[in-house]
Amino acid sequence: MTQSTGSPRPLGVGIVGLSADGGWGARGHLPALAAVEGFELRGLTASSPEAARRSAEKHGVPLAFTDVAELAAHDDIDLVVVAVKVPRHRELIEPALEAGTMVLSEWPLAVGTEEAEALASLAERRGVRTAVGLQSRSAPAVRYLRDLVAQGYVGEVLSTTLVGSGGGWGPVVASRGAYTADRANGATLMTIPFGHTLDALTMCLSGFAGLTATTATRRGKVRVAETGESLPQTAEDQIAVSGVLESGAVASLHYRGGSSRSTNLLWEINGTEGDLVVTGDTGHLQFGQFTLRGARGDEELSVLPVPDAYELVPGVSGPASPVAHAYAQLRADIEEGTRTVPDFRHAVEHHRLLDRIARAAGTGVRQ
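Quantities reported herein were computed from a predicted structural model and do not represent experimental measurements. (Residues numbered from 1 in each chain as written. Predicted model: local features only at pLDDT ≥ 70, side-chain atom pairs only at ≥ 80, totals over all residues. Heavy atoms only, no water.)

A word on the overall build of the protein chain. Helices and strands together make up the secondary structure of the protein chain, namely nine helices and 17 strands. Computed over its C-alpha atoms, the radius of gyration of the protein chain comes to 20 Å, within 12% of the 21 Å expected for a compact globule of 367 residues. Principal-axis analysis of the C-alpha atoms places the extent of the protein chain at approximately 60 × 50 × 35 Å. Sorting the 367 residues of the protein chain into buried and exposed places 53% on the buried side. Put simply, 72% of the contacts in the protein chain that link residues at least 6 apart link residues at least 24 apart. For the protein chain, the exposed surface amounts to about 15100 Å²; the carbon and sulfur share of it is 47%. (Helix = DSSP H or I, 4+ residues; strand = E, 2+ residues; numbered from the N terminus. Rg over C-alpha atoms; globule rule 2.2 N^0.38 Å. Buried < 20%, exposed > 50% of the residue type's maximum accessible area, 1.4 Å probe, protein only. Contact = heavy atoms within 4.5 Å. Areas by Shrake-Rupley, 256 points an atom, 1.4 Å probe, with all protein chains shown as cover.)

Within the protein chain, residue pLDDT values average 95, and 98% of them lie at 70 or more. Note that pLDDT drops below 50 for residues 1–6; the model gives that stretch 22 contacts with residues more than four away or on any other chain. (pLDDT = per-residue confidence, 0-100.)

What follows is about empty space enclosed by the protein. Applying the stated criterion across every chain, the model contains two cavities of 30 Å³ or more. Counted as a void, the largest cavity has a volume near 70 Å³. Taken together, His29, Leu104, Glu106, Val132, Gly133, Gln135, Val323, Ala326, Tyr327 and Val341 make up the full set of residues lining the largest cavity. Among the elements that line the lining of the largest cavity, the one with the most residues is helix α8 (residues 320–336), at three residues. Within the lining of the largest cavity, the residues separate by chemical class into six nonpolar, three polar and one charged. (1 Å grid on protein atoms, 1.4 Å probe; cavity = no way out; pocket = protein on both sides within 12 Å on 5 of 7 lines; lining within 4 Å. Points joined across faces, edges and corners; volume = space filled by probe spheres on them. Nonpolar A, V, L, I, M, F, W, Y, C, P; charged D, E, K, R; others polar.)

Let us look at the sheet that holds strand β10 (residues 221–224). The mixed open sheet is built from three strands, whose spatial order is β8-β10-β11. Each edge of the open sheet carries a strand with a single partner, namely β8 (172–173) and β11 (230–232). Where β8 lies against β10, two bridges are found, and the strand directions are parallel. Each residue of the ladder has a partner; that of valine 173, found in β10, is valine 224. (Pairing = 2+ DSSP bridges.)

Turning next to the layout of surface pockets. When its volume is computed, the largest pocket comes out at roughly 1400 Å³. Taken together, 49 residues line the largest pocket, and the ones lying closest to its centre are Gly23, Trp24, Lys85, Arg176 and Tyr179. Of the residues that constitute the lining of the largest pocket, the class distribution is 22 nonpolar, 20 polar and seven charged.

Time to look at the side chain of serine 55. As for its placement among the helices and strands, serine 55 is situated in helix α2 (residues 49–59). In this structure the side chain of serine 55 is engaged in a polar contact, spanning 2.3 Å, whose partner is the backbone oxygen of leucine 18. For serine 55, the residues in contact, after removing those within four places along its chain, are Leu18, Ser19, Ala20 and Leu44. (Polar contact = N/O pair within 3.5 Å; in protein donor to acceptor, adjacent residues only side chain to side chain.)

As C-alpha cells, then:
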C-alpha cells in the first residue's frame, strides 16, 4: 500500500465513522475533504452491512466495508481516517497500520497515554505516516497568532490567561454523548476542549516548564436530555492550571463544564509591547469560531483581520474549516516531505502533558 506520492493524483480516503445519521465524520471531515484538492473520498466502514450500505448511498461513497483491515488493504485507499468514539480508536487504528496504510485519527488518539504510545510505536515499526486531528493549530487565526507572537507583536510575553467553557459536561448530556461523562472513556473536558486549546497555546507560546493544577467533578450526576434519566459523572468538570512556560511567561488556565452566560472563551497574551486577545462563544478552539484582536503601545484593542495568505482553503466555514486546513497541510506534507501536521508521536507527548496536569491535581505536587 502506498503511503504517500509526489504526484498530483488524488489520494483515496476511507473514513471509519461516516454515518448516515450525522456525527463528526459527516459534519467535519466530509465538507473538509470536498474542499481540499488532492483527496478523494472512496470508501467507508460501518458496524453492519446495512449501516455501511446506507452511509455509502447517502454520501455517494463507492466502497463500503464492515472490516477496517479490508478498507485499508484496498488498492484505492491511501489514507484511513478514524472519526469514531475514543474507546474504539485502538482496535480500529491497529489493522490500518498493520496494512501499511497512512492513518489520520481524531484527537484524543487513545483513552490514555499507554494506548497512544502503543499506536505510535506500531506506526514507527511499520514505517507508516500518521496524523492526529489537533486541528486548532491549523486554523488560520491561530497560525497568524503564533506568527504575531514570534515576530514580536507583543514584545516579550509576560503572561497568558485562558478561560473557557466546554459546552458539554454541564447539567445535561445528549444520549449519544453520554459516554463522555465517564472519565475512563477518555473523551472528557480535559482531553477534548481543554486538550485541543492547550495544544494551540503551547504551539503559539511554548510548553510548560512547571505547573500546578486543581481539578474537580462538581456535578456528580447529569441528566440525559432525551430520557430525563440521571447519569453518574466521573469526568472532571472544573480544570484550573497555573505555571511557568519554557519561555518564562506565567500561565493561568481555567476550563469549566457547561456554558457561561458571560465568557465562554477568553485567551489573552500580554507582553511588554502589547496584547493579543482571542474571544469566542465556545471553548472548543478547534471549531475555529473566534475573533482575534490586538493592540500595541497606546493603541486601543481592535480586530486583527487574518491575512489572505493564511487561508489555505477559502470558502469553508464553521467547524469544518480548521479540519480542511489540516487536510491541506497534510497534503503539502506528503508532497514536500514536511511534518507540519502533528503525528502520533506528538499525540503521545500531548497525552503526557495532560497526565502531568492530572498528576499535579491528584498529588498537589508541582510537576
